[in-house]
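One-letter residues, chain by chain:
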Amino acid sequence: GPKAPAPPSLSDEDAVREYLCHPALYRHMLKLHFADAWRAGLLTSHSNSDALVAMHDKEVALLEKVLGQYRKTFADMGQNGLNNVPWF
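Cut-offs applied
Residues numbered from 1 in each chain as written. Predicted model: local features only at pLDDT ≥ 70, side-chain atom pairs only at ≥ 80, totals over all residues. Heavy atoms only, no water. Helix = DSSP H or I, 4+ residues; strand = E, 2+ residues; numbered from the N terminus. Buried < 20%, exposed > 50% of the residue type's maximum accessible area, 1.4 Å probe, protein only. Contact = heavy atoms within 4.5 Å. Axes fitted to C-alpha atoms, helices over the stretch in contact; angles between N-to-C directions. Left-handed = near helix turned anticlockwise from the far one by under 90°. Nonpolar A, V, L, I, M, F, W, Y, C, P; charged D, E, K, R; others polar. Parallel < 35°, antiparallel > 145°, perpendicular 65-115°, else oblique.

J.: So what's going on with the side chain of T73? Residues and values would help.
T.: If you trace the backbone, T73 turns up in helix α5 (residues 71-83). T73 sits in the buried class, given a relative accessible area of 18%. Apart from the residues within four sequence positions on either side, T73 is in contact with V16, R17 and L20.

Given below as structure tokens:
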């Protein structure tokens, strides 16, 4: 897949939004954004969900560490911001 660009300064909101819309980042941000619903889905759709949930929790914890600071900006972009992503 495409390589993620270097993270911008948090104070440059336009740059942050552009960064989060990069295909390499975007799906990670979606996973982080919907982590709880995703986890609930794993629990309900798999009878032996323990391993999957453990993997999910590990991945989300890592994403949170790396991208957690952008969570609010991503949420604020909302459907409107997401629909304006040129490649989306």
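J.: Which residues make up the side chain of S49, and what values go with them?
T.: Here S49 is to be found in the loop between α3 (35-45) and α4 (50-67). Those residues within four positions of S49 in sequence are excluded, and the remaining contacts are L42 and L43.

J.: Lay out the packing of helix α2 (residues 23-33) against α4 in plain terms, naming residues and giving numbers.
T.: It is the contact of α2 with α4, at a shortest axis distance of 10 Å, that shows an interaxial angle of 115°. Between α2 and α4 the crossing geometry is left-handed. Within the contact between the two elements, α2 uses L25, H28, M29, K31 and L32 and α4 uses H56, E59, V60, L63, E64 and L67. Looking at the contact of α2 with α4, its residues break down into six nonpolar, two polar and three charged.

J.: An account of the packing of α3 against α4 is needed here, citing residue identities and associated values.
T.: At a minimum axis separation of 9 Å, α3 and α4 run at an interaxial angle of 170°. Relative to α4, the element α3 lies roughly antiparallel. Contacts between α3 and α4 involve A35, W38, R39, L42 and L43 on the former and, on the latter, L52, V53, H56, D57 and V60. When the residues that make up the contact of α3 with α4 are grouped by side-chain class, the tally is seven nonpolar, one polar and two charged.

Purely geometric numbers; function is a separate question.
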